[in-house]
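The primary structure of each chain is shown beneath.
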Amino acid sequence: MKWTETLIATLREDPQEAEIPSHRLMLRAGLMRKLASGLYTWLPLGLRVLRKVENIVREEMDRAGALEILMPILQPRELWEKSGRWESMDAIMLKARTHGGRELVLGPTHEEVVTGLVAGEISSYRRLPVNLYQINTKFRDEIRPRFGVMRSREFIMKDGYSFDLDEAGADRSYRLMYEAYQRIFRRCGLEAMAVEADTGMMGGRESHEFMVPAETGEDEIAVCPGCGYSANVEQAAVREGQFNGARTGEAVREVPTPGLRTVEELAEFFSASPRRFIKTLIYLAGGKPVAVLVRGDREINESKLAKKLGGAQPVLADGETILRVTGAPLGFSGPVGLEGIGILADYSVAEIADGITGGNREDLHLVNVNIDRDCPGLEFVDLALAAAGDPCPSCGKPIAVRRGIEVGHVFKLGTKYSRALGAVVKDEAGGERPAIMGCYGIGVSRTVAAVIEQHNDDRGIVWPAAVAPYQVLVLALAPDQPGVPEAAEEIISALAPTGRDILYDDRPASAGVKFNDADLIGFPVRITVGKRFLRTGLAEVKHRASEEVHTVPPEEVPALVDRLLA
Ligand code: ATP
Ligand code: MG
């Protein structure tokens, strides 16, 4: 392909809106353009990368025995009512309506459709296991689309769904996908790790996320340097009830704290460590208020809280609700004497000695609070977000916390959807059983961004060969000089039998512009021909990643390229 015959639009300047390297580089290198918030057009270069990732995914899915299908994006409301998710997933759904008034959802995921399909097609255990997948567009009304295709409203996902007769089979299917995912990310040039994940709203049993370690990742991963345990911090169990000093035995005392609401402000006022505070947050879950206690230096894990509350997604209560249920405005809530509302306490508050907490009156806090004495009967549960230094749930050594990008997710779903949608099969004994399901997702478009996040330098992208838009750039300097285009053609012909993707930069632009673009787009190998080639008969071959440079005659180019791309 000739540069002048395709559409490559690189940008000289960093785009304003891009906060992370992959977003900036995808715009600058001309891989994509923004249409509106969370919506992007893939340009020819970017689409080539997307297709390569898709092909790797497809090859590995096929190899693992999964069958490709293609399901509609628009899905009828009735189907989602059967699973109960028309309501529970409302917040992220984008919906449509026909002129005739039929309500539809633009699929954020496809459990309902695929399970309905299997319910209609498969009735005997003899047809199981079956694993169906597609590579298709998904729609989610993300509250905050950002980082380009990393978190967008419309994105490409590979989603797969396995159906088995029994638990052992479901475990096998899960394993197969887990291993396929490891191969997929490795082949894309990604260093990804599988971490234990929250089963959240999906209602499953076991789950792993595939995370690409990156400073800019939106997820936090708890990693144990001792035993290798790793989990999303949302999932990592925390059991800490550290005694933080001797009690004085003094009675609870009221202290005026005018205008002081945050733990930081109060810690300064009382000259006390945040670890002495019993932070009290009022949440609404399914419309019902609940008070949640956690030590001042810790954060609530809302996924754990949701599970404790039976699945309803909790949201922090507004000031009006707080005033109504506690009698005080935001910032002065506390558990002592708090009535008419459920209280959930994290382990971390159990052993706070002579603690400080809100007095449920404006501008008032209480000191010398000992929760066993002053709020008897509370049950302590794990509600905290894991943090660096917490004991590893597996071996007890202190954990580290790293950031990562979730590129894939595998789930053991159980029978929630097969029961709801009637995916029931006859077993050998003639009885009926709901199929046991697994679901498996890869963010294909997010994977492209993650590859860039892990492979870039100050000059641009450094593509791993397997997903580069073109593996080789043949760059002609002074292409109007007689002999130069011929030399370029000679090298391109010599490379043809290797099957490499080659782009020929035939633009009459300056060497500086051409070299900068080559580095920015990040072709793994750049081959330069120009006046020097005419003089010496040697082409310059440069490897983007290692910066190795070789000068060789055209006939040696193919072997060298093979070696550099290996
Ligand atoms: P996240 O926690 O990042 O919102 P999720 O857990 O909701 O993602 P899943 O339902 O597990 O996502 O979807 C499978 C995969 O799809 C994710 O692992 C991720 O790679 C990708 N994905 C999810 N949401 C988006 C999005 N808004 N934009 C791009 N990719 C996404
Ligand atoms: Mg996920």
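Residues numbered from 1 in each chain as written. Chains lettered and ligands numbered in written order. Predicted model: local features only at pLDDT ≥ 70, side-chain atom pairs only at ≥ 80, totals over all residues. Heavy atoms only, no water.

*Asks:* Tell me about the overall build of the protein, and please be specific about residues and values.
*Replies:* A tally of helices and strands in the protein yields 16 helices and 31 strands. A total of 566 residues make up the protein; the buried ones form 54% of that total. Partitioning the contacts of the protein with sequence separation of at least 6, the portion at a separation of at least 24 is 69%. When the accessible area of the protein is evaluated, it comes to approximately 24900 Å², of which 50% is carbon and sulfur surface. Here the protein contributes 68 positively and 81 negatively charged side chains, and the mean placements of these two sets differ by 2 Å. (Helix = DSSP H or I, 4+ residues; strand = E, 2+ residues; numbered from the N terminus. Buried < 20%, exposed > 50% of the residue type's maximum accessible area, 1.4 Å probe, protein only. Contact = heavy atoms within 4.5 Å. Areas by Shrake-Rupley, 256 points an atom, 1.4 Å probe, with all protein chains shown as cover. Lys, Arg positive; Asp, Glu negative; His and termini not counted. Charge placed at Lys NZ, Arg CZ, Asp CG, Glu CD.)

*Asks:* Summarise the environment of Arg-58; cite the residues concerned and give the values.
*Replies:* With respect to the element layout, Arg-58 can be found in helix α2 (residues 44-63). For the pair Arg-58 and Glu-68, spaced ten residues apart in sequence, the C-alpha to C-alpha distance is 8.1 Å. Excluding residues within four positions of it along the chain, Arg-58 makes contact with Glu-68, Tyr-133 and Ile-135. Reaching out from Arg-58, the side chain makes a polar contact with the side chain of Asn-55 at a distance of 3.3 Å. (Polar contact = N/O pair within 3.5 Å; in protein donor to acceptor, adjacent residues only side chain to side chain.)

*Asks:* I'd love a proper account of the site of ligand 1, names of residues and values included.
*Replies:* Arg-140, Glu-142, Arg-151, Ser-152 and Glu-406 are the nearest of the 14 residues found near ligand 1. Here an oxygen atom of ligand 1 and a backbone polar atom of Val-407 are 3.2 Å apart. Across the complex, the protein chains shield 82% of the 580 Å² of accessible surface that ligand 1 would expose by itself. Of all the secondary structure elements, the ones that give two or more residues to the shell around ligand 1 are β8 (154-164) and β21 (400-414). The biggest single contributor to the shell around ligand 1 is β21, with four residues. In terms of residue class, the shell around ligand 1 is built from five nonpolar, four polar and five charged. (Near = heavy atom within 4 Å. Nonpolar A, V, L, I, M, F, W, Y, C, P; charged D, E, K, R; others polar.)

*Asks:* Tell me what's going on with the nonpolar core, and back it up with residues and numbers.
*Replies:* Ranked by size, the top nonpolar core spans 61 residues in total, and within it Met-26, Met-61, Tyr-181, Ile-184 and Trp-463 carry the most contacts. The residues that make up this core include at least three from each of domain 1 (48-226 + 401-452) and domain 3 (470-565). Trp-463 has contacts with Leu-31, Val-49, Val-448, Val-451, Ile-452, Ala-468, Pro-469, Ile-521, Gly-522 and Pro-524, leaving out every residue within four places of it along the chain. Tyr-161, Phe-163, Val-425 and Met-437 belong to the second largest nonpolar core, which has 26 residues in total. (Core = buried A, V, L, I, M, F, W, Y, C linked by side-chain atoms within 4.5 Å. Domains from an automatic or database assignment.)

*Asks:* For the domain arrangement of the protein, give the residues involved together with the corresponding values.
*Replies:* Domains assigned within the protein are domain 1 (48-226 + 401-452), domain 2 (253-381) and domain 3 (470-565). The gap between the C-alpha centroids of domain 2 and domain 3 is 66 Å.

*Asks:* Describe the packing of aromatic side chains, and please don't skip the residues or the numbers.
*Replies:* Taken as a whole, this structure holds eight aromatic pairs when the rule is applied. With a centroid separation of 6.5 Å and an interplanar angle of 50 degrees, the aromatic rings of Tyr-174 and Tyr-440 are classed as tilted. Residue Tyr-174 is located in helix α6 (residues 167-187), and its partner Tyr-440 is located in strand β24 (residues 436-443); the two are separated by 266 residues in the primary sequence. Each member of the pair, Tyr-174 as well as Tyr-440, carries the same accessibility label: buried. An aromatic cluster of three or more residues is present, and its members are Tyr-178, Tyr-181, Phe-185 and Phe-210. Its guanidinium or amino end placed over the ring of Tyr-178, Arg-175 lies 4.5 Å from that ring's centre, counting from NZ or CZ. (Phe/Tyr/Trp six-rings, centres within 6.5 Å; stacked < 30°, edge-to-face > 60°. Lys NZ or Arg CZ within 6 Å of the ring centre and 35° of its normal.)

*Asks:* If you had to explain the packing of helix α1 (residues 21-28) against helix α12 (residues 444-454) to someone new, which residues and values would you point to?
*Replies:* Two quantities define a packed helix pair, namely the angle between the axes and the distance from one axis to the other. Closest axis-to-axis distance for the α1/α12 pair is 8 Å, and the angle between their directions is 105 degrees. Here α12 runs roughly perpendicular to α1, going by the angle between their axes. Touching Pro-21, Ser-22, Leu-25 and Met-26 of α1 are Val-448, Ala-449, Ile-452 and Glu-453, all from α12. Its residues assigned to classes, the contact of α1 with α12 shows six nonpolar, one polar and one charged. (Axes fitted to C-alpha atoms, helices over the stretch in contact; angles between N-to-C directions. Parallel < 35°, antiparallel > 145°, perpendicular 65-115°, else oblique.)

*Asks:* So what about the pattern of salt bridges? Which residues, and what values?
*Replies:* Oppositely charged side chains may form a pair once their charged atoms are brought near each other. Scanning all chains against the criterion turns up 47 salt bridges. The partner of Glu-59 in a salt bridge is Arg-187, with the nearest N and O atoms 2.7 Å apart. Within this pair, whereas Glu-59 is found in helix α2, its partner Arg-187 is found in helix α6, the two being separated by 128 residues in sequence. With relative accessibility at 44%, the residue Glu-59 sits in the partly exposed group. Overall, the relative accessible area of 33% leaves Arg-187 in the partly exposed class. Salt-bridge contacts for Arg-151 lead to Glu-142; the nearest nitrogen and oxygen are separated by 3.1 Å. (Salt bridge = Lys/Arg side-chain N within 4 Å of Asp/Glu carboxyl O.)

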